[in-house]
Amino acid sequence: MSLTSAGQIAAAGPPPYFVVIDRALRDEGTSYHYARPSEFAEASPELVSAAAEALAPLSLRNVVGSSWTTDAPFRETVEAIETARAKGILAVEMEAAALYTFARVKGVRVLCLAHVTNTMGQTGADFEKGDSGGTSDALAVLERVVTALQPS
């Protein structure tokens, strides 16, 4: 289970909100050490579905969608952001592609969530994570998802 803070690419509403990452654009390099090149690293559809179902009753805004994994904020250029937005990517983060690729190659269960907390410096109130710096919301999301993903 991974939960990371992320920047907004394509808007799913005003931040903060959570994204269950169903696939990650492989732009960080690490995932290329584990598997052949491909545009995206895919999550387990079963894990994504279980997480989405577990989060549905929460009053916290959450969506299922894709992210862009890059390990270097200086690569988040206007052109790169527009390219990601055109692909329908919701968030930018730093590890989902590597984790999903590693999970697939090693046959382990991994699910990545993004807490979209900012619009990448586009507004004056950017990086607003919510009450208690977003900790209460993040823990509520993690509790629901981890409980749903526990083997019976």
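Along each chain, the written sequence defines residue order, and numbers are assigned to residues from 1. Per-residue local features are limited, in this predicted model, to residues with pLDDT of at least 70; the limit for side-chain atom pairs, both in listing and counting, is 80 or more; totals at the level of whole chains, interfaces and linings are taken over all residues. The side-chain numbers reported here are obtained from all heavy atoms of the structure, hydrogens and water having been left aside.

A. The pattern of salt bridges, seen in detail. Throughout this description, the term salt bridge denotes a Lys or Arg side-chain nitrogen within 4 Å of a carboxyl oxygen of Asp or Glu. A full pass over the atoms with the stated rule returns 2 salt bridges. The partner of K87 in a salt bridge is E39, and the shortest N-O contact between them spans 2.5 Å. Here K87, found in the loop between α2 (78-86) and β5 (91-93), pairs with E39, found in the loop between β2 (17-26) and β3 (40-42); they are 48 residues apart in sequence, far enough to count as distant. Relative accessible area decides the class of each residue, using a 1.4 Å probe on protein chains only: under 20% of the type maximum gives buried, over 50% gives exposed, and in between gives partly exposed. Judged by relative accessible area, E39 falls into the partly exposed class, the value being 41%. Of the charged contacts in the structure, one is a salt bridge between R85 and E82, with a shortest N-O distance of 2.6 Å. You can see R85 and its partner E82 sitting in helix α2, 3 residues apart, about one turn around the helix. On the basis of relative accessible area, R85 is assigned to the partly exposed category, the value being 35%. We classify E82 as partly exposed; its relative accessible area is 41%. Each helix is a run of DSSP H or I of at least 4 residues and each strand a run of E of at least 2, with the numbering of both proceeding from the N terminus.

B. A look at the packing of helix α1 (residues 45-55) against helix α4 (residues 135-149). Contact pair α1 / α4: the axes reach a minimum separation of 9 Å and the direction vectors enclose 130°. Relative to α4, α1 is oriented oblique. Here α1 and α4 pass one another in a crossing that is right-handed. Contact with α1, carried on its side by L47, A50, A51, A54 and L55, involves V141, R144, V145, A148 and L149 of α4 and no other residues of that element. To obtain each axis, a line is fitted to C-alpha atoms, and for helices this fit is confined to the stretch in contact; angles are then taken between N-to-C directions over 0 to 180 degrees. Angle categories: roughly parallel below 35 degrees, roughly antiparallel above 145, roughly perpendicular from 65 to 115, and oblique for all the rest. Whether a crossing is left-handed or right-handed is set by the direction in which the near helix is turned from the far one by less than a right angle, anticlockwise for left-handed and clockwise for right-handed. By definition, residues are in contact when any of their heavy atoms lie within 4.5 Å.

C. Layout of the environment of R75. Locating R75 in the fold gives a position in the loop between β4 (62-69) and α2. Since its relative accessible area comes to 36%, R75 is described here as partly exposed. Sequence separation between R75 and S49 is 26 residues; the distance between their C-alpha atoms is 31 Å. Sequence-distant contacts of R75, defined by excluding residues within four places in its chain, comprise D27, W68, T70 and A80.

D. Main features of the nonpolar core. Grouped together as the largest cluster of nonpolar side chains are 31 residues, with contacts concentrated most on V19, V20, I21, Y100, L111, V141 and V145. Every element with two or more residues in this core is listed here: β2, α1, α3 (96-106), β6 (112-118) and α4. The element contributing the most residues to this core is β2, with 6 residues. If we skip the residues at most four places from it in the chain, I21 touches A43, V48, G65, S67, E93, A96, Y100, L111, C112, L113 and A114. In this text, buried Ala, Val, Leu, Ile, Met, Phe, Trp, Tyr and Cys residues form a nonpolar core when linked through side-chain atoms within 4.5 Å. Grouped together as the second largest cluster of nonpolar side chains are 8 residues, I9, W68, A84 and V92 included.

E. Local environment of the pairing of β6. Among the 7 residues of β6, 7 are classified as buried, and the element is accordingly described as predominantly covered. At least two bridges found by DSSP between two strands are what make those strands a pair. Pairing of strand β1 (residues 2-8) with β6, which is carried by 6 bridges, proceeds in the parallel orientation. The residue bridging L3 from the neighbouring strand is L113, located in β6. Looking at chain direction, β2 and β6 are connected through 4 bridges and run antiparallel. Along β6, the bridge assignment pairs F18 with H115.

F. Inspection of the packing of aromatic side chains at higher detail. Any two rings among Phe, Tyr and Trp, with Trp reduced to its six-membered ring, count as a pair given centres within 6.5 Å; such a pair is stacked if its planes are under 30 degrees apart, edge-to-face if over 60, and tilted if neither. Counted by the stated rule, this structure contains 1 aromatic pair. Relative to F102, the ring of Y34 has its centre 5.4 Å away and its plane inclined at 75°; by these criteria the two rings are edge-to-face. Of this pair, Y34 sits in the loop between β2 and β3 while F102 sits in helix α3, and the two are 68 residues apart along the sequence. Judged by its relative accessible area of 32%, F102 falls in the partly exposed class. A cation over a ring is seen here: R23 above F40, with NZ or CZ 3.6 Å from the ring centre. Above the face of the Y32 ring, R26 is positioned so that its terminal group lies 4.1 Å from the ring centre. Either the NZ atom of lysine or the CZ atom of arginine qualifies as a charge over a ring when it sits within 6 Å of the ring centre and within 35 degrees of the ring normal.

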